[in-house]
Each structure stands twice: as structure tokens, then as C-alpha cells.
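The lines below spell out each chain.
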Amino acid sequence: MVAVRLGDVVVHQLDRAQARRIAIRAQLLAAPRPTDLLTVVRQLTLVQLDPTAAVAPSADLVCWSRLGSSYQPEQLRQALERDRTLFEHQAMVRPMEDLTLYLAAMAESPAHERQREWLRANDSFRRDVLDRLAADGPLLSRDIPDTCVVPWPSSGWTNNRNVTQMLEFLVLRGEVAIAGRQGRQRLWDVARRVYPADTPVVPLEQARRARDERRLRALGIARRKAVPVPGEPAEVGDAGEPAVVEGVAGEWRVDPAALGQPFTGRTAVLSPFDRLVHDRVRLADLFEYEYVLEMYKPRASRRWGYFALPVLHSDRLVGKVDATADRRHGRLTVHAIHEDVPFTPEVTRAVHEELHDLASWLSLTAEGLR
């Protein structure tokens, strides 16, 4: 690892292995493991929520892959609903102390004029929703009367789903917050009962820069500008310092605190929504790894499985596991382990151990492992 000074700018020169190790350490997927949930979410900045539970809910898989079997899903629920050390926003779990970085953007939401027009036309409906939550919240959306003046028009599933659409906009505006969940359904409440009252508002541009810096610290290395991805951006703007990666075109941004750190790899089975694999372009550039979530494909078109789990070993992504949790029969069925590169006996043993640990954590028995 070297650095070259170009005028007043220092550009770090990395090879792919160094870049991968920076990314893996930043995502807390190297050894030793972290020891508590709040440390994990603070470093990752977010954990994505997704209802798919072919193996386990994605947020729980992400936490398990970092913490191991000491993690229990109740810990996440307690942090969100009772301790209020975490909050849910736009299908992401975030540290509550990061709320300060989102309040200015909330004040300017929603961004599109069509949405603003609908809110203006339904201001009495908005007040009805807030009054009902203030009096009786937290509530499920079905418990809130629909008093809209102008129905929400859409060619998709949100058409005429007026209460849910209003709640989504009010969360974006910071007037309503998600107070918890009843099963998979969200419980809504007025924000003042969920968010700390004394949270300062960081100005919009300052907050954007801070979010870029937080994102880079969580990713370790990333592009200044990246292909848009659903949810959290993959780009980091001018955060960190410039870097180039041998064999990869273009400039990167690297977290200077991540440079020159020791690396001890381990084996991990990841959620398809894990941030290590979320940016598919970065994944191909640094890890030379192909991954597609195939749950939306017809069965006959799938190569790796409905909810294939990426497999990390040391500083490489080496394969995918096609597995399904059959809770009715008490088993984690491993349909296939796809090897991107031929596994050595050591890799096979490490992957099997991780899958047995996953099954044990789920209170299931692993089947299909030879």
C-alpha cells in the first residue's frame, strides 16, 4: 500500500486484496467479531429491513453474521421499541443519534410536486391522522379512518391506499414515526413520542456531508459517484481521501482511518441485502464476484436459488448457499452450495460449520450437508 502526492492531493494506491480487506473490516466481517448490537448498527450506519424470511429476516441475518449466535432478534426489537437507541426510517434501522442528520431533509419532504399537491389537497386528512395518533397511538394503519378528500392515484399497488400513503409521507416529513411492529405490520405514532425531543437539526448541506462520511466509514472504500441503488446511496461524494485500485478503472474514496490496519479473515454467510454485496458494480470491481437476487425470477431461470446466501471466506466471496428454513419440520435444508471457485477442504469445513451454526441459531437442524 503506497500513497502518491499529486500536487496538494495524496492518492492512495491499493491492490484489490487491500481494497477488499478494507471493505470487509469496515463491515465488521473480519475477526474478531463485535460483541454488541448497538456497536454493529453504529458502524454499519444502517441495517436494511426486508420481509423475506426464506431463511430468516434480512436484518436478523445481518446481525447474526456479525455477532454470531449471541445475537437474538428480541435484542433488535428492544432497541427499536423500548430502549429507543435505534429507529426505523425508510425501511432501514439506524442509530438514534443519527436522527439529527435527517431532520433537515425531513423538513423539505416530500420532494416531488405531485406529492406536495396531494398533501395540500388533503390537509384536513393529514390533521385527522395526526389527531388520531396523538389520542390513541401507536396504531396499525387499518385502525386509522380514511378521511381523504382526494384519493391517492397510482397505477401500482398503492392506488387508493390513502391512509398508508399519508403515513408514509408524514414519516418522511418527521411528523410521524414508526413506534414498533405487530408481526410484520408497522405501528405508527406521532414523532414526538418516538424521537428524542431535544434532537438538534443539522443544516441540510452539513448533514449531507456527514452522512457521506458515515457511509464511507461503514463501507471503507467506495466511489465518489455511483450507479443509483434502491434505498441508501452507494456513493460518498468527497468524503475520505482519493485512492486508485490496481486493475480497476477510475478513482475511489477511502476512509483514511481504515488504511494500514491488520486483517484476520473469517468465514461468513451473508444476507442477499448485506451492504458488502448491495452495490453490484463495486462487488464486481473489488471482489470479481457476480450476484443476482433471484427470488423474482421464475424457478427455471435461477442459477443459485430463490434466496441464495453469499459466502465470504477470508477476503474473498467464494460461493452461494441455496438454503431454506423449514420451521414446520425443524430443519434448515441446504439445497446446494455453489462454489465460484473450487473449495479446499478447509473452506468446505468452515462453510459447513457456519451453516450448522446458522441452523442452531434458528433452533433448526441442518440437512443436506455432506
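Check the entry above for the structure.
In this report, the structure presented in the accompanying data block is examined. (Residues numbered from 1 in each chain as written. Predicted model: local features only at pLDDT ≥ 70, side-chain atom pairs only at ≥ 80, totals over all residues. Heavy atoms only, no water.)

1. Brief notes about helix H6 (residues 113-121)
In an α-helix, one full turn covers 3.6 residues, which means residues spaced three or four apart are oriented alike.
Logical step 1: Within H6, the full set of buried residues consists of Gln115, Trp118 and Leu119. Down the axis of H6, the buried side of the element spans an arc of 100°, and every buried residue falls inside it. (Buried < 20%, exposed > 50% of the residue type's maximum accessible area, 1.4 Å probe, protein only. Helix = DSSP H or I, 4+ residues; strand = E, 2+ residues; numbered from the N terminus. Arc of directions from axis to C-beta.)

2. A closer look at the pattern of salt bridges
Once the charged atoms of two side chains with opposite charge are near each other, the side chains can pair.
Logical step 1: Across all of its chains, the model carries 31 salt bridges by this definition.
Logical step 2: A salt bridge links Arg20 to Asp315; its shortest N-O distance comes to 4.0 Å. Here Arg20 is found in helix H1 (residues 16-26), whereas its partner Asp315 is found in the loop between strand S12 (309-313) and strand S13 (316-326), with 295 residues between them in sequence.
Logical step 3: When its relative accessible area of 9% is taken as the criterion, Asp315 is described as buried. (Salt bridge = Lys/Arg side-chain N within 4 Å of Asp/Glu carboxyl O.)

3. What about the sheet that holds strand S14 (residues 331-339)?
Logical step 1: Read across the sheet, 5 strands follow the order S11-S12-S13-S14-S15 without closing on themselves; strand pairing throughout is mixed. If you trace the sheet from one side to the other, it starts and ends with strand S11 (267-269) and strand S15 (365-367), each paired once. Going across the sheet, the axis of each strand differs from the next one's by a mean of 30°, ignoring polarity. (Pairing = 2+ DSSP bridges. Axes fitted to C-alpha atoms, helices over the stretch in contact; angles between N-to-C directions.)

4. Observations regarding the layout of surface pockets
Logical step 1: Considering only enclosed or pocket space, the largest pocket measures out at about 700 Å³ in volume.
Logical step 2: For the largest pocket, the lining is made up of 22 residues, of which Leu49, Pro57, Arg181, Gly183 and Arg184 are closest to its centre.
Logical step 3: Contributing elements (two or more residues each) for the lining of the largest pocket: helix H3 (58-67), helix H4 (73-81) and strand S6 (176-182).
Logical step 4: For the lining of the largest pocket, the per-class residue count stands at 11 nonpolar, 3 polar and 8 charged.
Logical step 5: By volume, the second largest pocket is sized at about 590 Å³. (1 Å grid on protein atoms, 1.4 Å probe; cavity = no way out; pocket = protein on both sides within 12 Å on 5 of 7 lines; lining within 4 Å. Points joined across faces, edges and corners; volume = space filled by probe spheres on them. Nonpolar A, V, L, I, M, F, W, Y, C, P; charged D, E, K, R; others polar.)

5. Thoughts on the environment of Gly68
Logical step 1: Within the secondary structure layout, Gly68 lies in the loop between H3 and H4.
Logical step 2: Here Gly68 falls in the buried class, since its relative accessible area comes to 4%.
Logical step 3: With 22 residues separating them along the chain, Gly68 and Leu46 place their C-alpha atoms 18 Å apart.
Logical step 4: Among residues more than four places away in sequence, those in contact with Gly68 are Arg33 and Cys63. (Contact = heavy atoms within 4.5 Å.)

6. Focus on the pairing of strand S4 (residues 86-89)
The side chains of a regular strand alternate, first on one face of the sheet and then on the other.
Logical step 1: Alternating residues of S4 divide into Leu86 and Glu88 and Phe87 and His89, and every residue in both groups is buried.
Logical step 2: Here S4 hands over to strand S5 (residues 92-95) after 2 residues, with Gln90 in that stretch at a positive phi of 55°.

7. Some words on the side chain of Glu175
Logical step 1: Within the fold, Glu175 resides in the loop between helix H8 (162-172) and S6.
Logical step 2: At 2.6 Å, the side chain of Glu175 forms a polar contact with the side chain of Arg173. (Polar contact = N/O pair within 3.5 Å; in protein donor to acceptor, adjacent residues only side chain to side chain.)

8. Quick word on the environment of Leu76
Logical step 1: Here Leu76 lies in helix H4.
Logical step 2: Leu76 sits in the buried class, given a relative accessible area of 8%.
Logical step 3: Beyond its immediate chain neighbours, meaning those up to four positions away, Leu76 contacts Leu37, Ala59, Asp60, Tyr71, Leu86 and Val93.

9. A closer look at unusual backbone geometry
Logical step 1: The residue after Ser109, namely Pro110, is reached through a cis peptide bond having omega -5°.
Logical step 2: Here Pro110 lies in the loop between helix H5 (103-107) and H6.
Logical step 3: For the bond running from Gly137 to Pro138, omega is 5°, close enough to zero to count as cis.
Logical step 4: By the secondary structure assignment, Pro138 is in the loop between helix H7 (123-136) and H8.
Logical step 5: Its identity is not glycine, yet Arg84 carries a phi of approximately 55°, on the positive side.
Logical step 6: By the secondary structure assignment, Arg84 is in the loop between H4 and S4.

Spatial relationships are all this shows, so hold off on functional conclusions.
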